[in-house]
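Here are the chains, one letter per residue:
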2 protein chains.
Amino acid sequence: MPDNGAAAGRRRVVIVGAGFAGLAAARRLGRADVDVTVIDRMNHHLFQPLLYQVAAGAVSMGECASPIRASLRHRRNSLVLMDEVVDFDIDRREVVLDRGERIAYDSLIVACGMQTSYFGNDEWQNVTCGLKTLADAVDLRNRIFGAFEEAERSTDAKSREEWLTFAVVGGGPTGVEVAGALATLAKHSRKGDYSRIAPEDSRVILLDAGQRVLAPFSESLSAKAANGLTELGVTVREGVRATAIDSRGVTIDVGGSTERITSRTVVWAAGVQAVGVTAALARGTGADTDRAGRIQVQPDLTVPGHPEISVIGDIANLEGPGGRPLPGLATVAIQQAAHVAKAIKRGQPGATTPFRYLDKGALAVIGRGRAICEIRGLELSGRMALATYLGVHLFYLGGEGKRLKLLLDWITTRIGNRGSQVIEGELSSVERAPPGEVVPSG
Amino acid sequence: MPDNGAAAGRRRVVIVGAGFAGLAAARRLGRADVDVTVIDRMNHHLFQPLLYQVAAGAVSMGECASPIRASLRHRRNSLVLMDEVVDFDIDRREVVLDRGERIAYDSLIVACGMQTSYFGNDEWQNVTCGLKTLADAVDLRNRIFGAFEEAERSTDAKSREEWLTFAVVGGGPTGVEVAGALATLAKHSRKGDYSRIAPEDSRVILLDAGQRVLAPFSESLSAKAANGLTELGVTVREGVRATAIDSRGVTIDVGGSTERITSRTVVWAAGVQAVGVTAALARGTGADTDRAGRIQVQPDLTVPGHPEISVIGDIANLEGPGGRPLPGLATVAIQQAAHVAKAIKRGQPGATTPFRYLDKGALAVIGRGRAICEIRGLELSGRMALATYLGVHLFYLGGEGKRLKLLLDWITTRIGNRGSQVIEGELSSVERAPPGEVVPSG
């Protein structure tokens, strides 16, 4: 008998993943007459929008993540397991954990999110930094500040230049935000820190395979973003594709001709795919998936033929207004969680009415007050964009308000807390490049 | 020609290590008419007294460490290198860095500090956590919070008990403080966080090979400390020696008979030795060293026959009042730094007058307001000890006052910022046990 501490007779809700979607669902079910089990490989909920700021040394780990247990502390009906779901037994209605333990459910909410994808070039994982997990961000932070140290102690001009060159692959929101934060850090925040190098000499290069950065936004906003990046000192290169990456740099294809960019720090922000176990769900239920492995859900967010299984958050593929798939935004995830939780509270296994997304806009932060925002067709840029976006969100999400204010602080101010610029390791470890998920023993 | 950016003719002071001793020396020389080069393997100065609080998830990395560059930011005459000193060329008056670069000095201040010693059992490094570096503390923090998660997800009673048992080897100040913090964390701060386990069921065992914990203190204070630990729920075992340690526990020798303690988390706080390069200094200068590798210095803190070489901080072995060697305290290190800096400012290569330590007391924190303090023969315990000690230090050290207040906060309050309880890694990494110095790439 699977043990999830369920009281006899109460419906058992199992939530896989404690990102924005999973945690929001757990919170909303926290006082319902059901037993909730939340399973996540991490012990923390990550405030993804701040992750790039951790990498830039502007925000500390603790400001960007909070233990799941702390968030669900007073939910008596909730069991939190730091564990990995490896399979779903759809017929027996059980999730299977990595050690074989099974957790039975009456309602299943799958919200396990996306992970970095290297499009088959998995060896790139060892020489680049992704930016999906806290370990990724700490890894990247250590590399960035390590690179400045390496440049300072280097006595060879060429080697210095390599260490002071930062390449960001991928012109989506993450790539743009990282590039902007890197330029802000290197060119505007480190003055006077070094004796042998001038951080403002460092180069930040953003490589985008598409024809314009931030493709999901309108052309004019894309152009504004590119200009903002250039003002900050980022070299924006559109229409270039990375063909090879190693620990010394990136080889790119520029309209057929090959070019080499030497850089000791390469950030990979070019692709994501659904977390592995999503495929197991598709197999078990026969649900369709898209190229990124997202589950094609019905308008009510359930999986075809399985009213007891809901898929929410980034891994749910659902058409929004205008036939465009809903974007992978926290606001979408949280609204989907509320939609499903409401139905379960009503006694249903899952939602039966179509999910409607209330557009709260999409924001991309470039740095030092530069940002672009698209909200219900309205296009904004600069501090106005930040203010509007944050205003909307502070209004809608109470719980996250604290962090959003923090976000605003960091967006509008320079790099702050020097403590966040500490490199955990010794020098030797700066040069090493273990996979992103390696963490201090832990 | 070694490059340390020295202006022609100005005396060159090289400081090895940026702990309390090295950083204090650099600060005091910051406005003197000399060129200062500070070399440390880390990019940060560590506030050692708080390190155990990082491990306990009470203090964040950033609160416990600050970048050396930030501390010396406005010292125009200072060059900071994150680099490793591998040798000293005494005759040519140069320090040799790990890549062969040489830095010339007119005055050398060696303050490279102590590192964890396993008394020849180096394999124990892979199965225990030391507590000398920031990486150690993050490592231990990840293991402690990982252990609670493992216990919560475990379905086997015996395995749960293993994960909920914490063994601390070594009854010195570090061991006592870690044990106290662990008991506070486990038994008083985690209530309600878990469903399957009761953290207060966890066991914290302090193993001391000597006849009493905190041997440097008086017998009555040792007894008070032991009682305080017991009140907190720590099992204090004196006169027991660890004979074998593996990932599942510790084998101890109790007066000839062998006993096994099963524990998934073993903290090693039993020994320290001078950092490796100290031996190179002894070889080069012919200076004597003690069993822990400390350099036997002259009363003026110089090395015999080398007025231009001063050794300060923990690695300096010098008799204090009563013929007892001076303790490895921040206050000793900082006073020694001031003594040497004063002489160098006067134009001397190093001090020529004997160093006199102004006793500011020694403190050991047990937890939840319990502490003992010995100051100029005066013995105090409880909050009184904390108040007196901190009063004295807030009075004497301005710069560190901020952190000491923080220290006071953490000593007298419960565990705070939940953000510091975040585990960076995935579960898999909790079980792994790489060497302490492994850090997220960085």
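Residues numbered from 1 in each chain as written. Chains lettered and ligands numbered in written order. Predicted model: local features only at pLDDT ≥ 70, side-chain atom pairs only at ≥ 80, totals over all residues. Heavy atoms only, no water.

Draft legend 1. Geometry of the overall build of chain A. Per the secondary structure count, chain A includes 13 helices and 25 strands. A burial count over chain A gives 61% of its 442 residues as buried. The contacts in chain A between residues at least 6 apart in sequence include a share of 63% that link residues at least 24 apart. Surface exposure of chain A reaches about 16,200 Å², of which carbon and sulfur atoms provide 49%. (Helix = DSSP H or I, 4+ residues; strand = E, 2+ residues; numbered from the N terminus. Buried < 20%, exposed > 50% of the residue type's maximum accessible area, 1.4 Å probe, protein only. Contact = heavy atoms within 4.5 Å. Areas by Shrake-Rupley, 256 points an atom, 1.4 Å probe, with all protein chains shown as cover.)

Draft legend 2. Inspection of the domain arrangement of chain A at higher detail. Residues and elements named next belong to chain A. Taken domain by domain, chain A comprises domain 1 (11-41 + 83-116 + 273-345) and domain 2 (122-270 + 368-432). Considering only the side of domain 1, the residues that lose the most area to domain 2 are Thr116, Thr331 and Ile334, jointly responsible for 56% of the buried surface there. Our count for the contact surface shared by domain 1 and domain 2 stands at zero salt bridges. Summed over the shared surface of domain 1 and domain 2, the number is zero residue pairs in polar contact (both at pLDDT 80 or more). The greatest single-element share of the side of domain 1 that touches domain 2, amounting to three residues, is contributed by strand S10 (residues 114-116). (Domains from an automatic or database assignment. Buried area = accessible area lost by both parts, 1.4 Å probe. Salt bridge = Lys/Arg side-chain N within 4 Å of Asp/Glu carboxyl O. Polar contact = N/O pair within 3.5 Å; in protein donor to acceptor, adjacent residues only side chain to side chain.)

Draft legend 3. Just the pairing of strand S23 (residues 362-367) of chain A, in detail. Residues and elements named next belong to chain A. Among the six residues in S23, six count as buried, and that is most of the element. One ladder, built from five bridges, connects S23 with strand S24 (residues 370-375); its direction is antiparallel. Considered in S24, the bridge of Gly367 is made with Arg370. Counted along the chain from S23 to the antiparallel partner S24, the turn is two residues long, and its residue Arg368 has a positive phi close to 50 degrees. (Pairing = 2+ DSSP bridges.)

Draft legend 4. Inspection of the sheet that holds strand S25 (residues 378-381) of chain A at higher detail. All names here are of chain A. Here three strands make up an open sheet; going across it, the order is S23-S24-S25 and the pairing antiparallel. In the strand order of this sheet, the two ends are held by S23 and S25, each with one partner. Taken over all neighbouring pairs, the strand axes of this sheet differ in orientation by 10 degrees on average, direction set aside. Direction of pairing for S24 relative to S25: antiparallel, over a ladder of four bridges. (Axes fitted to C-alpha atoms, helices over the stretch in contact; angles between N-to-C directions.)

Draft legend 5. Structural context of the environment of B:Leu140. All names here are of chain B. Structurally, Leu140 is set in helix H5 (residues 134-153). When its relative accessible area of 0% is taken as the criterion, Leu140 is described as buried. Expressed as a C-alpha distance, the spacing of Leu140 and Val16, which sit 124 residues apart in the sequence, is 27 Å. Setting aside anything within four residues of it in sequence, one finds Leu140 in contact with Ala55, Cys129, Leu131, Thr265 and Val267.

Draft legend 6. Highlighting the pattern of salt bridges. Within the structure shown, the criterion is met by 48 salt bridges over all chains. Between B:Glu101 and A:Arg196 there is a salt bridge; the shortest N-O distance is 2.8 Å. On the criterion of chain membership, the pair formed by B:Glu101 in the loop between strand S7 (94-97) and strand S8 (102-104) and A:Arg196 in the loop between helix H7 (173-189) and strand S12 (203-208) is interchain, its members lying in two chains. Here B:Glu101 matches A:Arg196 in class, with each residue buried. Through salt bridges with shared partners, a single ionic network connects A:Asp83, A:Asp98, A:Arg99, B:Glu150 and B:Arg153.

Draft legend 7. A look at the sheet that holds strand S7 (residues 94-97) of chain A. All names here are of chain A. Pairing in this open sheet of three strands is antiparallel, and the strands run S6-S7-S8 from one edge to the other. Strands with a single pairing partner mark the edges of an open sheet, and in this sheet they are strand S6 (85-89) and strand S8 (102-104). Taken pair by pair, the neighbouring strands of this sheet meet at an average axis angle of 25 degrees, ignoring direction. In this sheet, S7 lies alongside S6 in antiparallel orientation, the contact comprising four bridges. Each bridged residue has a counterpart across the sheet, and for Asp87 the counterpart in S7 is Val96.

Draft legend 8. Expanded view of the pairing of strand S17 (residues 265-268) of chain A. Residue and element names in this part refer to chain A. A two-sided burial pattern is seen for S17, the buried positions comprising Thr265 and Val267 on one face and Val266 and Trp268 on the other. In terms of strand pairing, strand S11 (residues 165-169) meets S17 through four bridges, oriented parallel. Bridged to Val169 within S17 is Trp268.

Draft legend 9. Summary view of the packing of aromatic side chains. Residues and elements named next belong to chain B. Tallied over the entire structure, the rule returns 12 aromatic pairs over all chains. On the numbers, 6.1 Å between centres and 70 degrees between planes, the contact of Phe119 with Trp268 is edge-to-face. Of this pair, Phe119 sits in the loop between strand S10 (114-116) and H5 while Trp268 sits in strand S17 (residues 265-268), placing them 149 residues apart in sequence. Exposure remark for Trp268: the relative accessible area of 4% places this residue in the buried category. A ring pair is formed by Phe148 and Phe166, whose centres lie 5.6 Å apart and whose planes are at 50 degrees; its orientation type is tilted. Of this pair, Phe148 sits in helix H5 while Phe166 sits in strand S11 (residues 165-169), placing them 18 residues apart in sequence. Assessed through its relative accessible area of 0%, Phe148 is described here as buried. (Phe/Tyr/Trp six-rings, centres within 6.5 Å; stacked < 30°, edge-to-face > 60°.)

Draft legend 10. Fine view of helix H1 (residues 20-28) of chain A. In terms of burial, H1(A) is largely enclosed, as seven of its nine residues are buried. Among all positions of H1(A), only A:Phe20, A:Ala21, A:Gly22, A:Leu23, A:Ala24, A:Ala25 and A:Ala26 are buried.

Draft legend 11. Just H7(A), in detail. Relative to the 24 Å expected for 17 residues at 1.5 Å per residue, H7(A) spans 22 Å between its end C-alpha atoms, a close match to the ideal helical length. Among the 17 residues that make up H7(A), 15 are buried, leaving the element largely enclosed by the rest of the structure. (Expected span 1.5 Å × (residues − 1).)

Draft legend 12. Looking closely at unusual backbone geometry. In the Ramachandran plot, A:Phe119 falls in the positive-phi region, its phi being about 50 degrees despite a non-glycine side chain. Its relative accessible area of 53% is what places A:Phe119 among the exposed residues. One non-glycine residue, B:Leu301, lies in the positive phi region at around 80 degrees. Residue position: B:Leu301 is located in the loop between strand S19 (295-296) and strand S20 (302-303). Relative accessible area serves as the criterion here: at 0%, B:Leu301 is assigned to the buried category.

Draft legend 13. Representation of the confidence of the model for chain A within the structure. All names here are of chain A. Summary statistics for chain A give a mean pLDDT of 87 and a share of 87% for residues scoring 70 or more. Segment residues 411-417 is flagged for pLDDT under 50; beyond a separation of four residues in sequence, or across chains, it makes 22 contacts in the model. Scored below 50 in pLDDT, residues 427-442 makes 60 contacts in the model with residues more than four places away or belonging to other chains. If you check the scores for this complex, the pTM reads 0.86 and the ipTM reads 0.80. (pLDDT = per-residue confidence, 0-100.)

Draft legend 14. Molecular detail of the environment of B:Leu358. Residue and element names in this part refer to chain B. Tracing the sequence through the fold places Leu358 in the loop between helix H10 (330-345) and strand S23 (362-367). Classification of Leu358 as partly exposed rests on a relative accessible area of 39%. For Leu358 and Arg376, which are 18 residues apart along the polypeptide, the C-alpha to C-alpha distance reads 9.3 Å.

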